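# Summary of structural features
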Amino acid sequence: MTVQSVTVLGAGSWGTTFAKVLADAGRDVTMWARRPEVAAEIREEHTNNGYLPGVVLPGRVTATDDAALALDGAQAVVLAVPSQSLRANLTAWRSLLPREAILVSLAKGVELGTLKRMSEVIGEIAGVRSDDVVVVSGPNLAKEIARQQPAAAVFACADHDKAVAVQQASFNSYFRPYTNTDVVGCELGGACKNVIALSCGMAAGLGFGANTMATLITRGLAETARLGSKLGADPLTFAGLAGVGDLVATCASPLSRNRTFGELLGRGETVAMAQQAVGGQVAEGVMSCQSIRELARGVGVDMPITDAMFRVCHEGMNPARVGAELLGRQQKHEWS
Ligand SMILES: NC(=O)C1=CN([C@@H]2O[C@H](COP(=O)(O)OP(=O)(O)OC[C@H]3O[C@@H](n4cnc5c(N)ncnc54)[C@H](O)[C@@H]3O)[C@@H](O)[C@H]2O)C=CC1
Ligand SMILES: O=C(CO)COP(=O)(O)O
């Protein structure tokens, strides 16, 4: 299975960066951008300055705002829109998807209401098996990769040949993809770390240091792994790139929108102010703290940090008070 012609649906930070990764691996890439002026800028100037200022895109990347044109002849289709808009977007694109195309998911979130992972949403709308979708996850801050800083990722799919086909299509001198078959674990790792990054940002905004960060990262990983294990993930996945790898990168980096969002809340800004400050870009954790909390409650898994982020983001609770409550919970064994 060789993939030469790829369509990327979504021209934000990660969609544009992933298009560059593919083109730098020798693939022909057509992007779909929601706004015609963004498509024209990519096509004519080879830039997308609204998302990736100063980055020049390879000549192999072109763009259109016409989804039918973008999808014509695609051997792989990369879905690069935010989690909560994936269902609506994919519903509009469903009839245009080439029959044999491999579907690839970049989004890191859990859908509100249905509590589905992104591959489950894609499976339902596109009429394919959800674990046949290739899920991309890992420590992949778009702005670093767009500058060709070395990074690795996980490409998870039950169909190993499909994962390998996309792996080969995106392997280049600065981007090293690994395959995995644990779709559930890779998706949950990616969705949960956004919520934990919010909490780390919030702690930084409150003036706390490395011990607090390390505690949130480690206990965040513990609650993620608890949920994953309950839902059938391989616990080893959380020790890998899609688990601790992504968690550390996102919780530590000022480039993370989720961490930045949390830091603003920690400094006393409102959710609306923080939303404006991340420039309209998606901080998935703000919505995913709600869906992940419901998912966990449904299967009887305790996720105290996620619960705390829900109370701050959706119930207007004061970050300092939530922090104090987290610390003051009933004492317990580390692994209970
Ligand atoms: N930016 C990053 O470093 C990384 C992002 N991701 C994930 O990739 C997914 C996409 O993220 P980004 O490209 O960074 O997001 P972004 O906010 O930078 O761009 C989103 C893109 O989707 C388009 N879009 C289409 N329909 C939309 C709608 N209804 N609402 C909002 N936007 C809509 C926007 O026009 C925009 O081009 C997210 O799930 C994110 O968690 C994963 C790894 C790295
Ligand atoms: O998923 C990411 C890094 O792997 C990007 O994180 P943010 O959405 O917080 O910027």
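Note that the structure is a prediction, hence the values are computed from the model and not measured. For every chain, the first residue of the written sequence is number 1, and numbering continues from 1 onward in sequence order. As they are written, the chains are lettered A onward and the ligands numbered 1 onward, keeping that order. Reporting in this predicted model follows two pLDDT cut-offs: at least 70 for local features of residues, and 80 or more for side-chain atom pairs to be given and counted; totals over whole chains, interfaces and linings ignore these cut-offs and use all residues. Hydrogens and water are ignored here; the side-chain numbers use all heavy atoms of the structure.

## With respect to the site of ligand 2
Cut-off, in case you're wondering: Summary of the distance rule: residues count as near a molecule or strand when at least one heavy atom falls within 4 Å of that molecule or strand. Each polar contact in these results corresponds to two N or O atoms within 3.5 Å; when the atoms are within protein, one needs to be able to donate a hydrogen and the other to accept it, and residues that are neighboring in sequence are counted only if both atoms are side-chain atoms. Note on areas: these come from Shrake-Rupley sampling with a 1.4 Å probe, and a residue is covered only by the protein chains present in the view. A run of H or I in DSSP counts as a helix once it spans at least four residues, and a run of E counts as a strand once it spans at least two, with each numbered from the N terminus.
All residues adjacent to ligand 2 are Lys 108, Gly 138, Pro 139, Asn 140, Leu 141, Lys 193, Asp 246, Thr 250, Ser 256, Arg 257 and Asn 258. In the model, an oxygen atom of ligand 2 is placed 2.7 Å from a nitrogen or oxygen of the Ser 256 side chain. In this structure, an oxygen atom belonging to ligand 2 sits 2.7 Å away from a side-chain N or O atom of Asn 258. Considering ligand 2 on its own, with 310 Å² of exposed area, one finds that the protein chains cover 91% of that surface. At the level of elements, helix H10 (241-252) and helix H11 (257-266) are the ones that each hand at least two residues to the shell around ligand 2.

## Examining the site of ligand 1
Put simply, the rule reads: Residues are grouped as follows: Ala, Val, Leu, Ile, Met, Phe, Trp, Tyr, Cys and Pro are nonpolar; Asp, Glu, Lys and Arg are charged; every other residue, Gly included, is polar. Segmentation of the chain into domains, including their bounds, is taken from an automatic or database domain assignment.
Of all residues adjacent to ligand 1, which total 23 residues, the nearest are Ser 13, Lys 108, Ala 142, Arg 257 and Glu 284. Contact distances for ligand 1 include 3.0 Å between a nitrogen atom and a side-chain N or O atom of Asn 89. Glu 284 is positioned with one of its side-chain polar atoms (N or O) 2.5 Å from an oxygen atom of ligand 1. Within the residue set of the shell around ligand 1, elements represented by two or more residues are helix H1 (13-24) and helix H4 (83-93). In terms of residue class, the shell around ligand 1 is built from eleven nonpolar, eight polar and four charged. Both of domain 1 (5-181) and domain 2 (190-327) provide at least three residues apiece to the shell around ligand 1.

## Remarks on helix H15 (residues 319-327)
What counts here: Summary of the burial criterion: residues with accessible area below 20% of their type's maximum are buried, those above 50% are exposed, and those between are partly exposed, where the area comes from a 1.4 Å probe applied to protein chains only. The reported arc concerns the directions from the helix axis to the C-beta atoms and nothing else. Contacts are assigned to residue pairs that have any heavy atoms within 4.5 Å of one another.
For H15, the complete set of buried residues consists of Pro 319, Val 322 and Leu 326. Buried positions in H15, seen along its axis, are confined to an arc of 60° and lie on one side of it. H15 presents Arg 321 and Leu 327 as exposed residues on the side facing more than 90 degrees away from its buried surface. In this structure, the buried side of H15 is in contact with helix H8 (183-205), H11 and helix H14 (304-315).

## Some thoughts on the confidence of the model for the protein chain
Residues shown with low pLDDT carry predicted positions that ought not to be read at fine detail. Heads up, the rule is: Per residue, pLDDT captures the predictor's confidence, and it can take any value from 0 to 100.
In the predicted model, the protein chain carries a mean pLDDT of 97, and the fraction of residues at 70 or more is 100%. Of the two predicted TM-score estimates for the complex, the pTM is 0.98 and the ipTM is 0.98.

## Digging into unusual backbone geometry
In this structure, His 46 takes a positive phi of about 60° despite not being glycine. What makes His 46 partly exposed here is its relative accessible area of 26%. Located in the positive-phi region is Gln 148, a residue other than glycine, with phi close to 65°. Mapping Gln 148 onto the fold places it in the loop between helix H6 (142-146) and strand S7 (151-156). Take Gln 148: its relative accessible area is 40%, and that puts it in the partly exposed class.

## Points about the side chain of Asn 140
If you trace the backbone, Asn 140 turns up in the loop between strand S6 (134-137) and H6. Within polar-contact distance, the side chain of Asn 140 engages the backbone oxygen of Ala 152 at 3.0 Å. Look past the residues within four positions of Asn 140 in its chain and what remains in contact with it is Trp 14, Ile 145, Ala 151, Ala 152, Ala 153, Phe 175 and Asp 246.

## Here we look at the domain arrangement of the protein chain
The line we're drawing: Using a 1.4 Å probe, buried area is obtained as the accessible area two parts lose upon being combined, added over both of them. In the sections that follow, a salt bridge refers to a side-chain nitrogen of Lys or Arg positioned within 4 Å of a carboxyl oxygen of Asp or Glu.
Domain parsing of the protein chain yields domain 1 (5-181) and domain 2 (190-327). Distance between the C-alpha centres of domain 1 and domain 2: 24 Å. Taken together, the contact pairs 24 residues of domain 1 with 24 residues of domain 2. Ranking the residues of domain 1 by area buried against domain 2 places Lys 108, Leu 115 and Leu 141 at the top, with a combined share of 30%. If you look at where domain 1 meets domain 2, you find one salt bridge. Close ionic contact of Asp 246 with Lys 108 constitutes a salt bridge, the shortest N to O distance being 2.8 Å. Our count for the contact surface shared by domain 1 and domain 2 stands at six residue pairs in polar contact (both at pLDDT 80 or more). A class-by-class count of the residues in the side of domain 1 that touches domain 2 yields eleven nonpolar, nine polar and four charged.

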